[in-house]
Amino acid sequence: WAGVLAFCDHWGLDSDRVLAIGDADNDMELLEGASVSLAVSDATASALERADRVVPPAREGGWAELLELVGLPDS
């Protein structure tokens, strides 16, 4: 999460508006710090429990759903 905060600070971005996606226990700090946290459906139990929303894995169109969440077309 410290890296995300440093990135936001460097680029003048609002760290209170971070959307994060993860799939494993090593993503927990990221998911906990984000304003909106997503996990892919085949993620670890702890990542799934922490996520605000679960999306399909990339091989099943999960990234297209992520694009829809942020208002971008998937094509």
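Not measured: the values here are computed from a predicted model.

A. Broad picture of the environment of L72. For L72, the location among the structural elements is in the segment after α4 (62–69). Residue L72 is classed as partly exposed on the basis of its relative accessible area of 46%. Measuring from C-alpha to C-alpha, the distance between L72 and G22 comes to 20 Å, with 50 residues separating the pair along the chain.

B. Focus on the packing of aromatic side chains. Under the criterion given, the structure shown has one aromatic pair. Centroid distance F7 to W11: 6.4 Å. Interplanar angle 50°. Geometry classified as tilted. Here F7 pairs with W11, and both are found in helix α1 (residues 2–11), just four residues apart, close to one helical turn. Residue classification places W11 among the exposed residues on the basis of a relative accessible area of 56%.

C. Examining the nonpolar core more closely. Membership of the largest hydrophobic core is limited to twelve residues, which are C8, V18, A20, M28, L31, A34, A39, V40, A43, A47, A51 and V55. Those elements giving two or more residues to this core turn out to be α2 (28–33) and β2 (36–40). Apart from residues no more than four positions distant in its own chain, A47 is found in contact with D23, A24, M28, L31 and A39.

D. Representation of the pairing of strand β1 (residues 19–22). Covered by surrounding structure in β1 are A20 and G22 only, the residues L19 and I21 on the alternate face being uncovered. Of the strand pairs in this sheet, β1 and β2 are connected by four bridges, and their pairing is parallel. Residue pairing in the sheet places L19 in a bridge with V36 of β2. For the crossover that starts at β1, traverses α2 and ends in the parallel β2, the hand is right-handed.

Rules used in this analysis
- Residues numbered from 1 in each chain as written.
- Predicted model: local features only at pLDDT ≥ 70, side-chain atom pairs only at ≥ 80, totals over all residues.
- Heavy atoms only, no water.
- Helix = DSSP H or I, 4+ residues; strand = E, 2+ residues; numbered from the N terminus.
- Buried < 20%, exposed > 50% of the residue type's maximum accessible area, 1.4 Å probe, protein only.
- Phe/Tyr/Trp six-rings, centres within 6.5 Å; stacked < 30°, edge-to-face > 60°.
- Core = buried A, V, L, I, M, F, W, Y, C linked by side-chain atoms within 4.5 Å.
- Contact = heavy atoms within 4.5 Å.
- Pairing = 2+ DSSP bridges.
- Right-handed = clockwise from strand over helix to strand, strands pointing away.

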